[in-house]
Amino acid sequence: MNPSEQFVEHGMSQQNLKRTSCATVLTLAYQSLGIVYGDLSTSPLYVYKTTFSGKLRLKEDEEEIFGVLSFIFWTFTIIALFKYVFIVMSADDNGEGGTFALYSLLCRHARLSILPNQQATDEKLSAYTTQDSADTWLSANLKLFFEKHPRFQKGLLIFVLLGTCMTIGDGVITPAISVFSAVSGVQVKIKGLHENYVVIISCVILLVLFSIQHHGTHRVAFMFAPVVAAWLLCISGIGVYNIFYWNRQIYRALSPLYMLKFLRATGIEGWMSLGGVVLSITGVEAMYAALGHFSALSIKVAFTCLVYPCLILAYMGEAAFLSKHHHDIQESFYKAIPETVFWPVFIVATLAAIVGSQAVISATFSIVSQCCALNCFPPVKIVHTSSRIYGQIYVPEVNWILMCLCLAVTIGLRDIDMMGHAYGLATTTVMFVTTCLMTLVMVIVWKQGIIKAIICLVLFGSIELLYISASICKVPEGGWIPLVLSFIFMSIMFTWNYGTMKKHEFDVENKVSMSKILSLGPCLGMVRVPGIGVIFSNLASGVPAIFGHFVTNLPAFHQVLVFVCVKSVQVPCVSDNERLVISRIGPKEYRMFCCIVRYGYKDLQQENYNFENKLVSAIIQFVEIEESDPAPTPEEFSMDDGNLNMEHLGVSPHTLSSSCYIEKNFPFSCVLRAKKNDNDHLQETPYKDESMQILKAKESGVTYILGHSYAEAKKSSTILKKFAINVVYAFLSKNCRDPDGFLNVAHTSLLEVGMVYHV
């Protein structure tokens with residue numbers, strides 16, 4: 001039942017439904033101020049100071065100030081408004097944004113999958129939506145190019161990881177520069193205050209900020225949204241005051257001619273100063289990455305109606321003040337505040353800086369969650385903090401790592417200009433990655449023509465490359481920080497992805513034929529013991545090598561065997577009725593089944609119910625459906641990925657869908673209720689013999705068998721590969737979450753089996 005049907009059923013009219021939807025959009029737009037726009041709205045604290053650093057301080061006349069304002073206005077309008085709000089945010093993946101959301105769209109449409117265990121049945125998921133329109137010659141050729149050249153697929157993955165790591169780097173630099181620049185404003189009034197006190201106060205504020213993250217985005221949003229709203233109204237009001245009081249001709253700077261005059265007058269120094277101008281749009285990528293926390297419409301409403309006009313007025317007002325006070329360029333923001341309202345604005349500025357850090361922290365959580373689901377980051381604990389808004393999450397390990405790195409940057413640099421140089425390089429790199437991916441999405445997903453794609457790439461890409469070139473010149477002056485952080489995170493991500501893929505290849509190549517194992521039974525003295533054995537496997541089909549290793553050393557296994565594969569698919573969410581896929585392995589007398597547990601990259605990979613009951617219910621339902629329809633159709637056989645030995649194993653898979661109904665207390669009932677469609681009447685059918693045997697096996701107990709495969713590099717491998725596999729990947733494997741953690745498996749029922757494989 002869709003939401004409108006639910007409201008109508010409860011006596012609400014369509015008109016009231018529209019009002020409710022409008023109220024929801026406005027509520028989310030209000031909340032987004034504190035989560036999405038905090039970073040973007042605090043940019044005026046340091047943009048002009050960072051831009052007029054270095055040799056440009058010697059050229060602080062009115063023409064240069066007008067030129068910088070012109071650059072800020074057009075950069076803000078073209079990149080933030082046109083590119084992100086009007087174009088990029090339309091490329092959401094079922095409501096999810098960020099670099100990996102774009103990449104996921106491309107993977108589904110161009111077969112660029114980076115996930116193992118992908119099956120044809122995954123494409124039938126309700127969230128696995130693709131465009132029905134026919135391919136253009138350009139999109140068809142691009143798809144064919146990637147299929148023929150796997151190296152370019154890996155290159156695209158590395159390119160995506162670069163943008164992702166730069167976004168995580170933003171999560172380190174943003175809190176440092178926002179809080180430090182706000183707190184340093186107190187030195188305008190207290191001249192003798194030592195810099196060490198500013199650093200200490202900043203660190204205390206950062207500690208508090210990261211400590212409250214576990215309360216969740218929803219609660220934090222309602223605390224922070226009023227602060228950002230008050231901040232935007234304050235800086236826009238001060239901007240209007242400065243425009244009318246100091247220079248009413250400042251509107252002339254909105255002409256793009258002043259950008260040319262600025263570059264002509266300042267030359268190389270003016271070009272290098274553009275690394276400061278780009279700080280005016282540093283929060284727009286976080287705005288897109290945090291799209292999963294709110295709806296796209298609510299974010300667009302908040303930006304166009306409040307954020308954009310307020311920030312433009314603030315930049316214009318500060319430029320109007322600077323045009324008459326050239327010597328105050330290094331303290332321009334606080335100097336431009338009227339004396340009577342300085343301290344109230346200072347307090348709001350400090351609070352807004354704290355809020356500004358929240359946007360990129362939330363975006364980092366979303367990015368890490370997507371990376372984990374797509375096998376590009378070790379599995380970590382992910383906590384969903386809101387029962388109403390599914391995308392709001394908290395990642396404890398990432399939160400504390402960000403806090404430590406952020407404190408290190410604050411204490412180590414103590415310079416807003418150096419932080420700004422680092423910030424600018426990270427931001428522009430992420431923007432350029434988004435532009436390139438967006439161009440591919442326009443061609444492959446949206447089926448747009450080559451002219452529109454080239455216009456998008458040239459218009460936005462040329463601007464971003466201009467700012468990247470200016471920021472690269474600042475690498476010795478702080479720009480090295482995001483490069484080092486990105487290299488570290490990128491090495492971790494690529495190593496994890498490489499090791500995971502090699503492990504999957506090993507499992508596929510060493511799958512065990514069940515008939516071969518059973519044929520060895522008399523020699524090994526193999527017996528079947530009462531109970532259900534649940535074996536976690538990395539394979540979506542077939543018998544994993546870890547099971548062969550297990551029965552060879554301990555020639556006994558349970559009366560009922562279930563191979564469980566927990567896997568991710570390249571969709572944001574998988575509905576509960578599409579979560580499990582059950583199939584049979586071998587003849588019925590073997591009583592062996594395969595259960596695939598599917599999650600999207602936005603799903604919480606943790607079952608709140610008793611997984612044992614859910615699993616047994618699904619298997620019994622599968623058995624009863626198989627009894628009524630013993631001959632699987634060719635379409636059902638297509639669920640197999642082609643790696644299974646059908647001649648030996650004879651798989652008969654079924655997908656649990658909404659056409660099946662499971663009674664609430666089904667595991668302990670002796671009645672199966674099933675219906676083919678919603679119009680059929682429920683029919684009660686007694687359990688067959690196999691169903692009763694499964695229930696009796698459950699009463700005997702359930703044992704979970706988890707395989708620990710330890711990777712080792714071959715002796716002939718290079719030193720770099722040995723270090724990556726034997727040290728880095730081994731460390732990450734020992735400290736990441738196992739599948740039993742996702743499914744709430746009790747440790748008293750867990751049996752671990754170790755095995756070494758060489759890559």
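Here the structure is a predicted model, which is why all the values come from computation and not from measurement. (Residues numbered from 1 in each chain as written. Predicted model: local features only at pLDDT ≥ 70, side-chain atom pairs only at ≥ 80, totals over all residues. Heavy atoms only, no water.)

A. Structural detail: the overall build of the protein. Scanning the protein for helices and strands turns up 30 helices and 11 strands. The buried share of the protein, reckoned over its 759 residues, is 57%. Partitioning the contacts of the protein with sequence separation of at least 6, the portion at a separation of at least 24 is 83%. (Helix = DSSP H or I, 4+ residues; strand = E, 2+ residues; numbered from the N terminus. Buried < 20%, exposed > 50% of the residue type's maximum accessible area, 1.4 Å probe, protein only. Contact = heavy atoms within 4.5 Å.)

B. Seen up close, the pattern of salt bridges. Applying the stated rule across the entire model yields 5 salt bridges. Between Lys502 and Glu505 there is a salt bridge whose closest N-O contact spans 3.7 Å. With a gap of 3 residues between them, Lys502 and Glu505 both fall in helix H21 (residues 480–509), about one helical turn apart. Across the pair Asp576 and Arg579 runs a salt bridge whose closest N-O atoms are separated by 3.3 Å. (Salt bridge = Lys/Arg side-chain N within 4 Å of Asp/Glu carboxyl O.)

C. Focus on empty space enclosed by the protein. Scanning the entire structure with this criterion turns up 6 cavities of 30 Å³ or more. Considered as a void within the structure, the second largest cavity measures approximately 80 Å³ in volume. What lines the second largest cavity is simply Pro44, Ile235, Ile238, Gly239, Asn242, Ala314, Glu318, Phe333, Ala336 and Ile337. With 4 residues, the top contributor of residues to the lining of the second largest cavity is helix H10 (residues 217–246). Looking at the lining of the second largest cavity residue by residue, the class counts come to 7 nonpolar, 2 polar and 1 charged. (1 Å grid on protein atoms, 1.4 Å probe; cavity = no way out; pocket = protein on both sides within 12 Å on 5 of 7 lines; lining within 4 Å. Points joined across faces, edges and corners; volume = space filled by probe spheres on them. Nonpolar A, V, L, I, M, F, W, Y, C, P; charged D, E, K, R; others polar.)

D. Main features of helix H28 (residues 689–700). For H28, spanning 12 residues, the distance from its first C-alpha to its last is 17 Å, which sits close to the expected 16 Å at 1.5 Å a residue. Turning to H28, its buried residues are Glu690, Ser691, Ile694, Leu695, Ala697 and Lys698. Taken end-on, H28 shows its buried residues confined to a sector of 160°, consistent with a single buried face. Exposed residues pointing more than 90 degrees away from the buried face of H28 are listed as Asp689, Lys696 and Glu699. Buried residues belonging to H28 abut strand S3 (527–536), strand S4 (556–569), strand S5 (580–585), strand S6 (592–600), helix H25 (611–628) and strand S10 (702–712). (Expected span 1.5 Å × (residues − 1). Arc of directions from axis to C-beta.)

E. Expanded view of the side chain of His109. In this structure, His109 sits in helix H6 (residues 99–110). The buried category is assigned to His109, whose relative accessible area is 8%. One polar contact links the side chain of His109 to the main-chain carbonyl oxygen of Leu105, over a distance of 2.8 Å. (Polar contact = N/O pair within 3.5 Å; in protein donor to acceptor, adjacent residues only side chain to side chain.)

F. Here's a closer look at the packing of aromatic side chains. Throughout the structure, instances matching the rule amount to 26 aromatic pairs. Arranged with centres 5.9 Å apart and planes meeting at 70°, the rings of Phe71 and Phe262 form a pair that is edge-to-face. Highlighted residues: Phe71 in helix H5 (residues 62–87) and Phe262 in helix H11 (residues 257–266), separated in sequence by 191 residues. The class of Phe71 is buried, set by a relative accessible area of 6%. Take Phe262: its relative accessible area is 1%, and that puts it in the buried class. Through a chain of ring-to-ring contacts, the aromatic side chains of Trp231, Phe333, Tyr334, Phe342, Trp343 and Phe346 assemble into a single cluster. It is Lys261 that lies over the ring of Tyr258; its NZ or CZ is 4.8 Å from the centre. (Phe/Tyr/Trp six-rings, centres within 6.5 Å; stacked < 30°, edge-to-face > 60°. Lys NZ or Arg CZ within 6 Å of the ring centre and 35° of its normal.)

G. Layout of helix H8 (residues 150–183). With 34 residues, H8 ought to run about 50 Å at 1.5 Å a step, and its terminal C-alpha atoms sit 50 Å apart, in line with that. The largest bend along H8 reaches roughly 30° and is located at Ile173, with the proline Pro175 sitting one to four residues downstream. Across the 34 residues of H8, 25 count as buried, placing the element largely inside the fold. (Bend = angle between axes of the 7 residues up to and from the residue.)

H. Expanded view of the pairing of S10. Two elements, S3 and S10, share 4 bridges in a ladder whose sense is parallel. Within the sheet, the bridge partner assigned to Ile535 lies in S10 and is Ile705. Alignment of S10 against strand S11 (residues 750–758), held across 9 bridges, turns out to be parallel. Each residue of the ladder has a partner; that of Glu712, found in S11, is His758. (Pairing = 2+ DSSP bridges.)

I. The packing of H5 against helix H19 (residues 416–445), seen in detail. Put simply, H5 and H19 touch, their axes get as near as 13 Å, and they point 45° apart. Compared by their axis directions, H5 and H19 come out oblique. The two elements H5 and H19 cross, and the hand of that crossing is left-handed. On H19, the residues touching Ile79, Lys83, Tyr84 and Ile87 of H5 are Met431, Thr434, Thr435 and Met438. Taken together, the residues that form the contact of H5 with H19 break down as 5 nonpolar, 2 polar and 1 charged. (Axes fitted to C-alpha atoms, helices over the stretch in contact; angles between N-to-C directions. Parallel < 35°, antiparallel > 145°, perpendicular 65-115°, else oblique. Left-handed = near helix turned anticlockwise from the far one by under 90°.)

J. Here's a closer look at the nonpolar core. If you look at the biggest cluster of nonpolar residues, it comprises 166 residues, and the most contacted ones within it are Tyr37, Leu45, Tyr48, Met287, Phe303 and Tyr334. Take this core: its biggest share by element is 18 residues, from helix H17 (residues 342–373). Taken domain by domain, the makeup of this core includes at least three residues from each of domain 1 (21–110 + 137–477) and domain 2 (483–603 + 610–627 + 687–758). When neighbours within four sequence positions are excluded, Tyr48 is seen to be in contact with Val68, Leu69, Ile72, Tyr315, Glu318, Ala319, Leu322 and Ser332. Judged by nonpolar contacts, the second largest core, of 32 residues, contains Phe506, Ile546, Cys594 and Ile705. (Core = buried A, V, L, I, M, F, W, Y, C linked by side-chain atoms within 4.5 Å. Domains from an automatic or database assignment.)

It is worth stressing that arrangement in space is one thing and function is another; only the former is reported here.
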